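Structure at a glance
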Amino acid sequence: MRAAADTLHEWQHTCEPLHTCEEFAFTANAPLDVTWPLFGADKERVWAPDWNPVFVWPKNALDQEGMVFKVPRGDKTAVWVNTALDRAANRLQYVYVLADVMVTVITLQLAPIAQGTHVTVTYSRTALEVAANDLVREMANQDRGAGGEWALQINTYLLKGAVDLAP
């Protein structure tokens, strides 16, 4: 017979919106001054396949704190806001909402190391309805393993663009 606490715990996970938090880290093989701009929503286009945000504000793509843009996701559109673009703290943060599905907070912390940049990425996701729990759980599982993909994509770009990136 299962304990009442186990039953309550299971009920909470099926009857309440799910919240997850996943973190990964990797090294970008270029100095911080080179990698920093590549994590802005506009500049990310050069290294991230299929990343093509549509800027709402400012209308012309410009990476700045407070920028608002949209990204299609299936039959919905996610609305993104940059909530921190803090070069002094080497910290970026984005919040996006997929209406009636989930809210995602993505925080990036960059730090110089030797000739590269250590990048820590944290994804916090919250389902807005219990029906979205499975999607949030699935995305959290993807988030957990995304570090290798991010590292490969940005380092491939940095390697190909090394001539253009030289100071």
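Heads up: the structure comes first, above all this text.
Presented here is a report on the structure given in the accompanying data block.

Rules of the game
Residues numbered from 1 in each chain as written. Predicted model: local features only at pLDDT ≥ 70, side-chain atom pairs only at ≥ 80, totals over all residues. Heavy atoms only, no water. Phe/Tyr/Trp six-rings, centres within 6.5 Å; stacked < 30°, edge-to-face > 60°. Helix = DSSP H or I, 4+ residues; strand = E, 2+ residues; numbered from the N terminus. Buried < 20%, exposed > 50% of the residue type's maximum accessible area, 1.4 Å probe, protein only. Expected span 1.5 Å × (residues − 1). Arc of directions from axis to C-beta. 1 Å grid on protein atoms, 1.4 Å probe; cavity = no way out; pocket = protein on both sides within 12 Å on 5 of 7 lines; lining within 4 Å. Points joined across faces, edges and corners; volume = space filled by probe spheres on them. Nonpolar A, V, L, I, M, F, W, Y, C, P; charged D, E, K, R; others polar. Polar contact = N/O pair within 3.5 Å; in protein donor to acceptor, adjacent residues only side chain to side chain. Contact = heavy atoms within 4.5 Å. Salt bridge = Lys/Arg side-chain N within 4 Å of Asp/Glu carboxyl O. Pairing = 2+ DSSP bridges. Axes fitted to C-alpha atoms, helices over the stretch in contact; angles between N-to-C directions.

**Let's talk about the packing of aromatic side chains**
- Under the defined criterion, the tally for this structure stands at 14 aromatic pairs.
- Ring centres of Phe-69 and Trp-80 lie 5.4 Å apart, and the angle between their planes is 20°; on these two criteria the pair is classed as stacked. Taken together, the residues span a long stretch of sequence, with Phe-69 in strand β3 (residues 68-73) and Trp-80 in strand β4 (residues 76-86) at a distance of 11 residues. Trp-80 carries the same exposure label as Phe-69, and that label is buried.
- Ring centres 6.2 Å apart and planes at 75° place the aromatic pair Phe-69 and Tyr-94 in the edge-to-face group.

**Focus on helix α3 (residues 133-144)**
- Under the 1.5 Å per step criterion, the end-to-end length of α3 is 16 Å for 12 residues, consistent within 8% with the ideal 16 Å.
- Of all the positions in α3, only Asn-133, Val-136, Met-139, Ala-140 and Asp-143 are classed as buried. Down the axis of α3, the sector holding all buried residues measures 130°, keeping them to one side.

**Here's the deal with the layout of surface pockets**
- Considered as a void within the structure, the largest pocket measures approximately 810 Å³ in volume.
- Around the largest pocket sit 28 residues that line it, and Glu-44, Trp-51, Trp-80, Tyr-123 and Trp-150 are the ones nearest its centre.
- Sort the elements by how many residues they give to the lining of the largest pocket and β3 lands first, with 4 residues.
- Taken together, the residues of the lining of the largest pocket sort by class into 19 nonpolar, 3 polar and 6 charged.

**A closer look at the side chain of Thr-104**
- Looking at the element boundaries, Thr-104 is found in strand β6 (residues 102-113).
- Judged by relative accessible area, which is 0%, Thr-104 ranks as buried.
- Only 2.9 Å separates the side chain of Thr-104 from the side chain of Arg-125, close enough to count as a polar contact.
- Apart from residues lying up to four places away in sequence, Thr-104 is in contact with Tyr-94, Val-95, Tyr-96, Tyr-123, Ser-124 and Arg-125.

**Points about the pattern of salt bridges**
- Applying the stated criterion across every chain, the model contains 6 salt bridges.
- A network of salt bridges, in which partner residues are shared, links Asp-42, Lys-43 and Arg-45.

**Section: the sheet that holds strand β7 (residues 116-127)**
- One open sheet holds the 7 strands; their spatial order is β1-β7-β6-β5-β4-β3-β2, and the pairing between them is antiparallel. Whereas interior strands pair on both sides, the edge strands pair on one side only; in this sheet they are β1 (19-28) and β2 (54-57). Each neighbouring strand pair of the sheet contributes to a mean axis angle of 25°, computed without reference to strand direction.
- By the bridge criterion, 8 bridges tie β4 to strand β5 (residues 91-98) in an arrangement that is antiparallel. Considered in β5, the bridge of Ala-84 is made with Gln-93.
- Contacting β1, β3, β5, β6 and β7, α3 crosses the sheet at an angle of about 170° to β7.

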